[in-house]
Protein chains: 2
Amino acid sequence: MSAPGTPAAAGMPSEAVAPVVGLDVGGTKVLGVVLSGGDAVLAELRVATPQPSTGPPVGRVAADQDRSAVVEALALLVRELQREHGPGAVGMGIPGMLDRTGMLRFSPNLPAAAGGDVATELSERLGGVPVHVDNDANCAALAELTLGAARGTRTALMVTLGTGIGGAVIVDGAIQRGAHGLAGEVGHMVVDPSGPACPCGGRGCWERYASGAGLARLAREAALAGTLFGAVALAGGDPELVRGEHVARAAADGDVGSLAVMESLGWWVALGLANLVAVLDPERIVVGGGLAAVGEMLFAPVRRFFAELVEGGPHRPEVPIVPAELGARAGAVGAALGARAAGPRAGSAG
Amino acid sequence: MSAPGTPAAAGMPSEAVAPVVGLDVGGTKVLGVVLSGGDAVLAELRVATPQPSTGPPVGRVAADQDRSAVVEALALLVRELQREHGPGAVGMGIPGMLDRTGMLRFSPNLPAAAGGDVATELSERLGGVPVHVDNDANCAALAELTLGAARGTRTALMVTLGTGIGGAVIVDGAIQRGAHGLAGEVGHMVVDPSGPACPCGGRGCWERYASGAGLARLAREAALAGTLFGAVALAGGDPELVRGEHVARAAADGDVGSLAVMESLGWWVALGLANLVAVLDPERIVVGGGLAAVGEMLFAPVRRFFAELVEGGPHRPEVPIVPAELGARAGAVGAALGARAAGPRAGSAG
């Protein structure tokens, strides 16, 4: 299968299309893939995301040297991926408010890269290889729309639960970018104005509750309250060291306290989805990002609480809430598909 | 000016197009207008909305006799409007979850009408006059898109602040209805899960804070706290009797306590608009409904708080927040435009 409008879709033997590189740049790590013309993942690599060196992360726009460190790490990753598979175009998904010119205006979860045009800087660092950039959740949505769980939908919603929460709004079968390219920032819906402070500068944003960061917070609270024995044991006995992974593993082993935390996480995920369904009425919701990998342990409570929370639940057709078929690779694969569709033009999809 | 695709737009002398009736059916009152082929309002009438006779209003679907009472009141209003202006088609806007078949599935603010097809029932009561029905906020958006403050926009948001809050999402210059016709129910975004109970069965919905009902609640709280002298005086001295109108009038006279309540209302309006802008990135927000009539006293704090609350405010192009040009008539005029565009077909726009 291949993206509409690519040479492969136009009838050329798909393996004749050059492989492309896709990067999913997250707040904590970067996933890079090489995607063949036939949409097979030929290679996959992960590196840590360089963190801002100076200044408070809240609401800041990065210094040039911070962004340089990110671009350099991305360039190294691309060269490593290209060593075996040849120099193809590069696609990149990044979180935050990316405008139609490719400028990352604001990025609470990737402050080190904000304030510049990362795609152009990466292209220069790579000696002019075309680099195509889009919002990370838009990339995931493109992958799911082309190859995955949103195939054939006209009106759908993609939500990625990672360090933060990304979103993409699909209307008339296309990803909607809004008036300035900034649509889909669903993680920053405020769901509790008296809630915890968010790196965006706000308070009580949805992603404070329903993301990896939200799970970590719920886990820490439960651990300090003394209700999370299994997960605390996995963390070496120190409640301060409990992370989301420990809770997910302990819950999978049936630890009651950890299952209660996953239920609580599911409630918050469902709350935000219910808000979005009230506004958009999609035919389907696709949930991706690292957190979706925990599977039914999360999806079951999400579906149950969603039915309770959505307006007029009993009077409304069911909205299927399904995992991203491309899993944790959706963002990187979608970034590669975006680069392939853009062809030799570098720049932004916004 | 006239709706695209109408005979008037196609070049016929606009006054040759028969007048149509538009009804805006709210939770507390119904506004009916007669709209000429040249888009002039020829007549205007208001009646009270019949209230449900039995059972608790929370989450209920109306008994047939309740809906009958509403339909009868609408039929009387239409006949009165048609007496002078002749029998034209009828358009109707109603609040709540109206599906693509015209069935009002769920309506927290118009429970007396839920559970049936009000348009078909009204058409039968009127001896077969075509009746076209749409969500009330979609009607207001159609009026603003055709004749008012949203003219020429591609991506916009319409919000109506009345008894509850209605919404319409405009993408690619058209009102988006979602997969099942239920999009735009923005009033039921939850903005505080521990907030007051909502007639929808939820808790802390946006319309509990930022609608006419929200203003009444804020006013009552301030009155009982003893900070609302001017408005309490207008209410005859009894804090229990303070309503939104008293606050608006006292605020217009400079009453400090009432101005503080309007600020608080503005903060809540801004919070929900900021949520919607994060998701949709519209080029413009049009605010209508009865509450918009208080004007700058509300719009000034809304704009100020919106700039603070929206994600990445300083890094984002300004989103103008403007009053509906058709004011409190937007819903009724849009309902009439919908009926004219539908022509002799009765039914739903969903």
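A quick note: this is a predicted structure, and the numbers were derived from the prediction, not measured.

Visitor: Whenever I open this one, the environment of Val118 of chain B confuses me. Can you help?
Guide: Its place among the elements puts Val118 of chain B in helix α2 (residues 118–125). Beyond its immediate stretch of four places on either side in the chain, Val118 of chain B contacts Arg67, Val71, Leu74, Met92, Ile94, Gly102 and Ala113 of chain B.

Visitor: Help me understand the sheet that holds strand β8 (residues 156–161) of chain A, please; the structure alone is not making it clear to me.
Guide: Sheets are built from strands that pair by backbone hydrogen bonding, the pairs being arranged parallel or antiparallel. Residue and element names in this part refer to chain A. Taken together, 5 strands build an open sheet; the order of strands is β10-β9-β8-β11-β12 and the sheet is mixed. In this open sheet, the two strands that pair with only one neighbour each are β10 (174–176) and β12 (321–323). Within this sheet the neighbouring strands show an average axis-to-axis angle of 30°, counted without direction. Direction of pairing for strand β11 (residues 284–288) relative to β12: parallel, over a ladder of 3 bridges. Paired with Ile285 across the bridge in β12 is Ile321. Of the strands in this sheet, β8, β11 and β12 are in contact with helix α9 (residues 296–309), which crosses β12 at around 165°.

Visitor: Please explain the nonpolar core as it appears in this structure.
Guide: Inside soluble globular proteins, nonpolar side chains tend to come together where they are buried. Counting residues in each nonpolar core, the largest one holds 102 residues, and the members touching the most others are Trp206, Leu228 and Phe306 of chain A together with Trp206, Leu228 and Phe306 of chain B. In this view, Trp206 of chain B contacts Val159, Ile165, Val186, Gly187, Met189, Val191, Trp268, Val269, Gly272, Leu273 and Leu276 of chain B; residues no more than four positions away in its chain are not counted.

Visitor: Looking at this structure, how should I read the environment of Ala141 of chain B?
Guide: On the secondary structure map, Ala141 of chain B appears in helix α3 (residues 136–147). The buried category is assigned to Ala141 of chain B, whose relative accessible area is 1%.

Visitor: Explanation requested: the interface of chain B and chain A in the structure shown.
Guide: On the chain A side, the residues contacting the 43 residues of chain B number 43 residues. Buried surface at the junction of chain B and chain A, summed over both partners, amounts to about 3600 Å²; 61% is from carbon and sulfur atoms. The largest contributions to the chain B side of the interface with chain A come from Val279, Glu311 and His315 of chain B, which together make up 20% of the buried area. At the junction of chain B with chain A, the criterion picks out 0 salt bridges. Our enumeration of links across chain B and chain A arrives at 18 residue pairs in polar contact (both at pLDDT 80 or more).

Visitor: Even after reading the chapter, I still don't get the relation of the copies chain B and chain A, so can you show me in this structure?
Guide: Both copies of the chain are tied together by a single rotation about an axis and a shift running along it. Mapping chain B onto chain A calls for a rotation angle of 180° and an axial translation of 0.0 Å; the resulting RMSD is 0.0 Å. Taken together, the rotation angle and the small translation identify this as a two-fold axis.

Visitor: It is not clear to me how the confidence of the model for chain A should be interpreted in this structure. Could you clarify?
Guide: Low-confidence regions, as indicated by low pLDDT, have predicted coordinates that should not be scrutinised in detail. Residues and elements named next belong to chain A. Mean pLDDT for chain A: 89, with 91% of residues reaching 70 or above. Segment residues 1–13: pLDDT under 50, and 25 contacts once partners within four positions in sequence are set aside and those in other chains are kept. Predicted confidence is poor over residues 56–60, with pLDDT under 50, and the contacts of this stretch with residues over four places away or in other chains come to 12 contacts. Model confidence for the complex: the whole-complex pTM is 0.91, and ipTM, which rates the interface, is 0.90.

Thresholds applied
Residues numbered from 1 in each chain as written. Chains lettered and ligands numbered in written order. Predicted model: local features only at pLDDT ≥ 70, side-chain atom pairs only at ≥ 80, totals over all residues. Heavy atoms only, no water. Helix = DSSP H or I, 4+ residues; strand = E, 2+ residues; numbered from the N terminus. Contact = heavy atoms within 4.5 Å. Pairing = 2+ DSSP bridges. Axes fitted to C-alpha atoms, helices over the stretch in contact; angles between N-to-C directions. Core = buried A, V, L, I, M, F, W, Y, C linked by side-chain atoms within 4.5 Å. Buried < 20%, exposed > 50% of the residue type's maximum accessible area, 1.4 Å probe, protein only. Buried area = accessible area lost by both parts, 1.4 Å probe. Salt bridge = Lys/Arg side-chain N within 4 Å of Asp/Glu carboxyl O. Polar contact = N/O pair within 3.5 Å; in protein donor to acceptor, adjacent residues only side chain to side chain. Least-squares fit on C-alpha atoms with pLDDT ≥ 70 in both. pLDDT = per-residue confidence, 0-100.

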